[in-house]
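# Architecture and fold: a report
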Amino acid sequence: MADLRTTYMNLSLKNPVIAASSSLTSSLEGVKKCEDAGAGAVVIKSLFEEQITQDKNRMIGSMNFDAYTDAYDFFNSASADFYLDEYLGLVEDAKDSLDIPVIASVNCVSSGQWIEYAERFENIGADALELNIFVLPSNIGTSGSRIEENYFEILGNVKKNINIPVAVKIGYHFSGMGNFINNISNKGADGIVLFNRFYKIDIDIENLSLKSSPLLSEPGEIYLALQWIALMAGEVSSDFSAATGIHDAEGVIKHLLAGAKSTQLCSTLLKNGVKHIGEIITDLELWMDRKGYSSISDFNGSLSQENSSHPESYERSQFIKSVIGSA
Ligand SMILES: Cc1cc2nc3c(=O)[nH]c(=O)nc-3n(C[C@H](O)[C@H](O)[C@H](O)COP(=O)(O)O)c2cc1C
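Residues numbered from 1 in each chain as written. Predicted model: local features only at pLDDT ≥ 70, side-chain atom pairs only at ≥ 80, totals over all residues. Heavy atoms only, no water.

## Observations concerning the overall build of the chain
Looking only at helices and strands, the chain has 13 helices and 13 strands in total. Burial status across the chain gives 52% buried among its 327 residues. Intrachain contacts of the chain at a sequence separation of at least 6 include 71% that bridge at least 24 residues. Within the structure as shown, the chain displays about 14,800 Å² of accessible surface, and the carbon and sulfur contribution to it stands at 48%. (Helix = DSSP H or I, 4+ residues; strand = E, 2+ residues; numbered from the N terminus. Buried < 20%, exposed > 50% of the residue type's maximum accessible area, 1.4 Å probe, protein only. Contact = heavy atoms within 4.5 Å. Areas by Shrake-Rupley, 256 points an atom, 1.4 Å probe, with all protein chains shown as cover.)

Written as structure tokens, this is what we have:
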């Protein structure tokens, strides 16, 4: 059988399928189920920066619910009372009970007081820390470069405080995406998770009111991250973890071919149950056997732009040429 082992941020994973941060990873029972189903690692449900500084009233007042899938979940689930100590307790218990890497996660918007506590994640044994950073760039007075500076400041200050690997999970609202990813990498991100999926608004045309867009992703949402991972893998030293719209082995395989070191799954597990991880892993193994690959490294990144014999086909100019050419 094929060898599914991979390395993500210097962590050894038995396979590249990670249970993403969500309500499925907000309890010891939940993360154990993920491990039992075969996950290569788990990212624990995010702790909010405001929970660390215990300023819940400010959090409720300032939260932009339209943007945060995780905030929606936070206020609608039993995990609503996590604070730092409980959270650290969960990470510690997970470390004691699981054999796979346990990645802690903080949802943050500033490099404020919470960073003083970042080393506690390392002290209780978390294998890595994932920073889920998102500032909705809707303020007409704030420039793109100021927003980017904020990301660099948070990452730089966290890196000063801890020695475990740090991943940054980002959205897609950056005008100079390649440059931004390169800068995040140069500021020390060991991993970059592309992309977080934000909770958006929809409009009910009968009741003339706002309603929520679907909480869970569809497989068709895979392409944005796929393109950016294919473009950036090999360009920067950080490892990429793919997220959003990965619902089956095909999605995992595409991202590995594009150059991701790992993949993060959430919606498909909420839809089909955590056991779906096992089916995906079996399908990945079967595909590798069918293609004659004995290890992930045999094909990982083979279809990234860097390794392509037609690198121009990853760029829009080539797309336009082919559309005009065939018209
Ligand atoms: C109910 C729910 C809760 C989530 N909570 C978090 C969270 O706490 N932290 C985080 O970084 N992402 C959170 N996410 C985002 C997921 O980790 C994932 O990045 C996103 O759903 C896209 O992946 P998918 O297409 O596999 O669902 C949450 C998503 C859902 C649906």
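Having seen the structure, we can now continue with the description.
## Some points on the site of the ligand
Taken together, 21 residues sit near the ligand, with Ser-21, Ser-46, Asn-132, Ser-217 and Ser-267 positioned nearest. Note that a nitrogen atom of the ligand is positioned 2.6 Å from one of the side-chain N or O atoms of Ser-46. For the ligand, the accessible surface in isolation is 610 Å², of which the surrounding protein chains cover 99%. Of all elements in the fold, only helix H4 (69-75) and helix H11 (267-272) reach the threshold of two or more residues within the shell around the ligand. If you tally residues by element for the shell around the ligand, the top one is H4, at three residues. Looking at the shell around the ligand, its residues break down into six nonpolar, 10 polar and five charged. (Near = heavy atom within 4 Å. Polar contact = N/O pair within 3.5 Å; in protein donor to acceptor, adjacent residues only side chain to side chain. Nonpolar A, V, L, I, M, F, W, Y, C, P; charged D, E, K, R; others polar.)

## Description of a nonpolar patch on the surface
Among the surface-exposed residues, Ile-201, Ile-203, Ile-205 and Leu-210 lie close enough to one another that they form a single nonpolar patch of about 440 Å² accessible area. By secondary structure assignment, the location of Ile-205 is in the loop between strand E10 (201-204) and strand E11 (209-212). (Patch = residues over 30% accessible without salt bridge, like charges linked within 9 Å, V, L, I, M, F, W, Y side chains within 5 Å. Salt bridge = Lys/Arg side-chain N within 4 Å of Asp/Glu carboxyl O.)

## A short note on the confidence of the model for the chain
One rule of thumb: low pLDDT means the predicted coordinates there are not for detailed reading. Residues of the chain with pLDDT of at least 70 account for 87%, and the chain-wide mean is 89. A low-confidence stretch, residues 76-82 stays under pLDDT 50, and its non-local contacts, those more than four residues away or across chains, total 13 contacts. (pLDDT = per-residue confidence, 0-100.)

## Observations concerning the packing of aromatic side chains
Any pair of aromatic rings gets described here by the distance separating the centres and the angle formed by the planes. Counting across every chain of the model gives 11 aromatic pairs. Ring geometry for Tyr-87 and Phe-121: centres 6.0 Å apart, planes at 75°, overall edge-to-face. With a gap of 34 residues between them, Tyr-87 in helix H5 (residues 84-97) and Phe-121 in helix H6 (residues 119-123) connect regions that are remote in the sequence. Of the two residues, Tyr-87 and Phe-121, neither departs from the other in class, the shared state being buried. (Phe/Tyr/Trp six-rings, centres within 6.5 Å; stacked < 30°, edge-to-face > 60°.)

## A closer look at helix H10 (residues 249-258)
A turn of α-helix holds 3.6 residues, and therefore any two residues three or four places apart point the same way. Counted residue by residue, H10 has eight buried out of 10 residues, so it is predominantly covered. All buried positions along H10 are accounted for by Ala-249, Gly-251, Val-252, Ile-253, His-255, Leu-256, Leu-257 and Ala-258. Tucked into the core, H10 has its buried residues touching strand E3 (17-19), helix H9 (223-232), strand E12 (239-243), strand E13 (262-265) and helix H12 (276-291). Immediately downstream of H10, the backbone of Gly-259 shows phi near 125°, a positive value.

## Regarding the packing of helix H7 (residues 144-161) against helix H8 (residues 177-186)
Close contact between H7 and H8 brings their axes to 10 Å; oriented N to C, the two are set at 20°. Taken together, H7 and H8 sit at an angle that is classed as roughly parallel. Regarding H7 and H8, the two cross each other, and that crossing is right-handed. Where H7 approaches H8, its residues Glu-148, Tyr-151, Phe-152 and Leu-155 are matched on the opposing element by Phe-180, Asn-183 and Ile-184. A breakdown of the residues in the contact of H7 with H8 according to their chemical character gives five nonpolar, one polar and one charged. (Axes fitted to C-alpha atoms, helices over the stretch in contact; angles between N-to-C directions. Parallel < 35°, antiparallel > 145°, perpendicular 65-115°, else oblique. Left-handed = near helix turned anticlockwise from the far one by under 90°.)

## Topic: unusual backbone geometry
With an omega of -10°, the peptide bond between Leu-194 and Phe-195 qualifies as cis. With respect to the secondary-structure elements, Phe-195 resides in the loop between strand E9 (191-194) and E10. Even without glycine at this site, Asn-10 takes up a positive phi of about 70°. Within the element layout of this structure, Asn-10 appears in the loop between strand E1 (6-8) and strand E2 (11-13).

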